[in-house]
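# Report on the structure
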Amino acid sequence: MTTTGAGGTGADYSEKIPNNVSLHEDRRLQRALESWQPNFLNWWQEMGPALPTRDVYLRTAINVGREGWAQFGHVPMREYRWGIFLAERAPGRTIGFGEHKGEPAWDQVPGEYRSELRRLIVIQGDTEPASVEQQRNLGATAPSLYDLRNLFQVNVEEGRHLWAMVYLLHAHFGRDGRDEAEELLRRNSGSIESPRILGAFNEETPDWLSFFMFTYFTDRDGKYQLGTLKESAFDPLSRTCEFMLKEEAHHMMVGTTGVDRIVERTAQLMVEQDTDDVTGRGAIPLPVIQKYLNFHYSVSLDLFGGETSTNVANYYTAGLKGRWMEDRRRDDHRLTSDAITVDALTEDGEIGQTEVAAVTGLNTDLRREYIADCQTGVSRWNKILADAGLPQRLYLPHVAFNRKVGAFAGIEASPDGRKLGTDEWDRHKANWLPTDVDKTYVRALMQPVYERGKIAAWIAPPRHGINGQPFDYDYVHLS
Ligand SMILES: [Fe+2]
Ligand SMILES: [Fe+2]
């Protein structure tokens, strides 16, 4: 069966690997991917969702057109059709920035940028399976079948994102690419011998508050990284990332509304019981929510790297990785003479700023776009508190707080941006980051609710179901 959309870009479902990249025309590539596929399925079996299920109501990408790019239905997760999809080619696309600006985009990898491009793809690819591993055990404590389904949806799509990166490695990087594709399955989140590449992807996701904070803050880093790779002069990478961003929107929604619903439930109990402290009353207290937010936000800021980076400057100049919304920037898109103010320690070690060449400050530029976006979530959550008539507010901590990467890695700072001595930090950190007591409390709340239409006491039900289905739909059949 061939599913063809308006643009003629539908996937061929008669093939083992659904794709819109004419895989059948390249027997070598097809065989390479077919031999990687069993390894992927083994990895999924061992490191993917641990909860046994019969089937799950999942969205499957079947096309890349504007209309009807996905279908919904109950499928056994192991039989999910992980496919390879590139957004449609923009005819005559030219490079939008850097020293090759205005030249035709590349269909093949230029020899001089081969190792840099491979590195960028591997780093992105490594995060995709990592989050599946981090979330492996969450099914055991899902607050509802709706949430369980959303977890699995995010997991299968992160699996598809791994496929997307592995396709690029196999199709464009020869032997090295095939080796890297194997390594993507060999590294594991939190492993001592072969951990995932980036720090935040080795942290555990032990409870659903962490899961929602992760999908809000850490998945959102992914959105911004994909946004810069979508600008790439290497057209297959650009088109792959453009399509991934479509799926990513759902991951953002899961995080945003997940935290919404937790805040809503907490606010409801605070009002009903006329108390600030809902500990022991079945909900998560606001100060604990704030501490989880502080943690996930600060480790996600680290993912953007140091304030200045000559590597990233070189990627930009070469056309490999652009800026967020590159075509909306009102400058020459070469950045040969612009400047940017970045965070830095002053000469006497205080929290301050310094001016650098714009092209070396691109990590800072991207991190600032991300921070502004994160603020929109906090505003939503605060509106929920305000609407409940409560005076408390959530906030994003200062950029220097709890950082392990960049200018502030060597100092301690309070959430309001005061530099602290080690003693002061040690005395206060339990007020700012989740303690063992907080984690134990949150975990104790995490009792599974698998009954249709029922929900755990610590979270409000969603306003809408998935794909027009009601909240009490049978989203997951357990086995
Ligand atoms: Fe992803
Ligand atoms: Fe994601």
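### Some words on the coordination of the iron ion (ligand 1)
Coordination of the iron ion (ligand 1) by the protein involves Glu-128 (OE), Glu-158 (OE) and His-161 (ND1), with metal-donor separations of 2.1 to 2.2 Å. Spacing between the donor residues of the iron ion (ligand 1) along their common chain follows E-x29-E-x2-H. Here the iron ion (ligand 2) and the iron ion (ligand 1) are spaced 3.4 Å from one another, each receiving a donor from Glu-158. Taken as a pair, Glu-128 in helix α2 (residues 114-134) and Glu-158 in helix α3 (residues 145-172) lie far apart in primary sequence, 30 residues in all. The class for Glu-158 is buried, based on a relative accessible area of 1%.

### Examining the packing of α2 against α3
Across the interface, α2 lies against α3 with an axial gap of 8 Å and an inter-helix angle of 160 degrees. Looking at the two axes, α2 sits roughly antiparallel to α3. Where α2 crosses over α3, the two elements pack in a sense that is left-handed. Contact residues: α2 offers Arg-114, Arg-118, Ile-121, Val-122, Gln-124, Gly-125, Glu-128, Pro-129, Ser-131 and Val-132, while α3 offers Asn-155, Glu-158, Gly-159, His-161, Leu-162, Met-165, Leu-168, Leu-169 and His-172. Residues that form the contact of α2 with α3 fall into these classes: 8 nonpolar, 7 polar and 4 charged.

### Focus on the coordination of the iron ion (ligand 2)
Reference geometry at the metal: tetrahedral coordination by four donors gives ideal angles of 109.5 degrees; octahedral coordination by six donors gives 90 or 180 degrees. Looking at the metal site, the iron ion (ligand 2) is ligated by Glu-158 (OE), Asp-219 (OD), Glu-248 (OE) and His-251 (ND1), spaced 1.8 to 2.5 Å from it. Counting along the primary sequence, the residues that act as donors to the iron ion (ligand 2) give the motif E-x60-D-x28-E-x2-H.

### A short note on the packing of aromatic side chains
Aromatic ring pairs: the centre-centre distance and the angle between the two ring planes describe each pair. Counted according to the given criterion, the structure contains 32 aromatic pairs. Plain terms: the ring middles of Phe-40 and Trp-82 are 4.8 Å apart, the flat faces sit at 75 degrees to each other, and that makes the pair edge-to-face. Placement of Phe-40 in helix α1 (residues 27-47) and of Trp-82 in the loop between β2 (70-75) and α2 is noted, with a sequence separation of 42 residues between them. When sorted by exposure, Phe-40 lands in the same class as Trp-82, which is buried. In this structure an aromatic cluster arises from ring pairing among Trp-36, Phe-40, Trp-43, Trp-44, Tyr-80, Trp-82 and Trp-163. Above the ring of Tyr-216, the side-chain terminus of Arg-220 is found at 4.0 Å from the ring centroid.

### What about the nonpolar core?
Note on soluble globular proteins: their nonpolar side chains tend to be buried together. Among the nonpolar cores identified, the biggest contains 122 residues, and Phe-217, Ile-284 and Trp-458 are the most heavily contacted of them. No other element matches α3, which puts 15 residues into this core. Residues within four places of Trp-458 in sequence aside, it is in contact with Pro-143, Trp-208, Phe-212, Ile-262, Arg-265, Gly-282, Ala-283, Ile-284, Leu-445 and Met-446.

### Focus: the confidence of the model for the chain
Averaged over every residue, the pLDDT of the chain is 95; residues scoring 70 or more account for 96%. Low pLDDT (under 50) marks residues 1-8, which in the prediction has 14 contacts with non-local residues, meaning those over four places away or in another chain.

### Observations concerning the environment of Ala-409
Tracing the sequence through the fold places Ala-409 in the loop between α9 (362-387) and β5 (412-413). Ala-409 gets classed as partly exposed once you look at its relative accessible area, which sits at 36%. Sequence spacing of Ala-409 and Gly-306 is 103 residues, and the spatial spacing of their C-alpha atoms is 9.5 Å. With near-sequence residues (within four places) excluded, Ala-409 lies in contact with Arg-403 and Lys-404.

### Overview of helix α11 (residues 436-445)
What α11 keeps buried is the set Asp-438, Tyr-441, Val-442 and Leu-445. The buried residues of α11 occupy an angular sector of 95 degrees when the element is viewed end-on, so they sit on one face. α11 presents Asp-436 and Thr-440 as exposed residues on the side facing more than 90 degrees away from its buried surface. Packed against the buried residues of α11 are α5 (208-229) and α7 (286-302).

### A short note on the sheet that holds β2
Here we have 3 strands laid out as an open sheet, ordered β2-β1-β7, and antiparallel in their pairing. Among the strands making up the open sheet, the edge pair consists of β2 and β7 (476-478). Here the strands of the sheet are splayed against their neighbours by 15 degrees on average, with no regard to which way each runs. When strand β1 (residues 53-61) meets β7, the two strands line up antiparallel, connected through 3 bridges. For Asp-55, the partnering residue across the bridge sits in β7 and is His-477.

### Looking at the pairing of strand β4 (residues 351-357)
Regular strands place side chains that alternate from one sheet face to the opposite one. As paired strands, strand β3 (residues 339-345) and β4 are joined by 7 bridges and run antiparallel to one another. Residue pairing for β4: Asp-343 is matched across the bridge by Gln-353. Hairpin geometry of β3 and β4 is characterised by an intervening segment of 5 residues between the two adjacent antiparallel strands and by a positive phi of about 80 degrees at Gly-349.

### Brief notes about a positive patch on the surface
A contiguous patch of positive charge on the surface is contributed by Arg-27, Arg-28, Arg-31 and Arg-178. With respect to the secondary-structure elements, Arg-178 resides in helix α4 (residues 174-186).

### Comments concerning unusual backbone geometry
Positive phi, normally seen in glycine, also occurs at Ser-22, with a value near 50 degrees. By the element assignment, Ser-22 lies in the segment before α1. Residue class for Ser-22 comes out partly exposed when judged on its relative accessible area of 33%. For Asn-467, which is not a glycine, the phi torsion comes out positive at approximately 55 degrees. By the element assignment, Asn-467 lies in the loop between α11 and β7.

### Section: the state of the cysteines
Throughout the structure, instances matching the rule amount to 0 disulfides. Its sulfur unpaired, Cys-241 is 20 Å from the next cysteine sulfur, which belongs to Cys-374. When its relative accessible area of 0% is taken as the criterion, Cys-374 is described as buried.

Definitions and cut-offs
Residues numbered from 1 in each chain as written. Chains lettered and ligands numbered in written order. Predicted model: local features only at pLDDT ≥ 70, side-chain atom pairs only at ≥ 80, totals over all residues. Heavy atoms only, no water. Donors = N, O, S within 2.8 Å, 3.2 Å for Na, K, Ca; no water. Helix = DSSP H or I, 4+ residues; strand = E, 2+ residues; numbered from the N terminus. Buried < 20%, exposed > 50% of the residue type's maximum accessible area, 1.4 Å probe, protein only. Axes fitted to C-alpha atoms, helices over the stretch in contact; angles between N-to-C directions. Parallel < 35°, antiparallel > 145°, perpendicular 65-115°, else oblique. Left-handed = near helix turned anticlockwise from the far one by under 90°. Contact = heavy atoms within 4.5 Å. Nonpolar A, V, L, I, M, F, W, Y, C, P; charged D, E, K, R; others polar. Phe/Tyr/Trp six-rings, centres within 6.5 Å; stacked < 30°, edge-to-face > 60°. Lys NZ or Arg CZ within 6 Å of the ring centre and 35° of its normal. Core = buried A, V, L, I, M, F, W, Y, C linked by side-chain atoms within 4.5 Å. pLDDT = per-residue confidence, 0-100. Arc of directions from axis to C-beta. Pairing = 2+ DSSP bridges. Patch = residues over 30% accessible without salt bridge, like charges linked within 9 Å, V, L, I, M, F, W, Y side chains within 5 Å. Areas by Shrake-Rupley, 256 points an atom, 1.4 Å probe, with all protein chains shown as cover. Salt bridge = Lys/Arg side-chain N within 4 Å of Asp/Glu carboxyl O. Lys, Arg positive; Asp, Glu negative; His and termini not counted. Charge placed at Lys NZ, Arg CZ, Asp CG, Glu CD. Disulfide = S-S within 2.5 Å.

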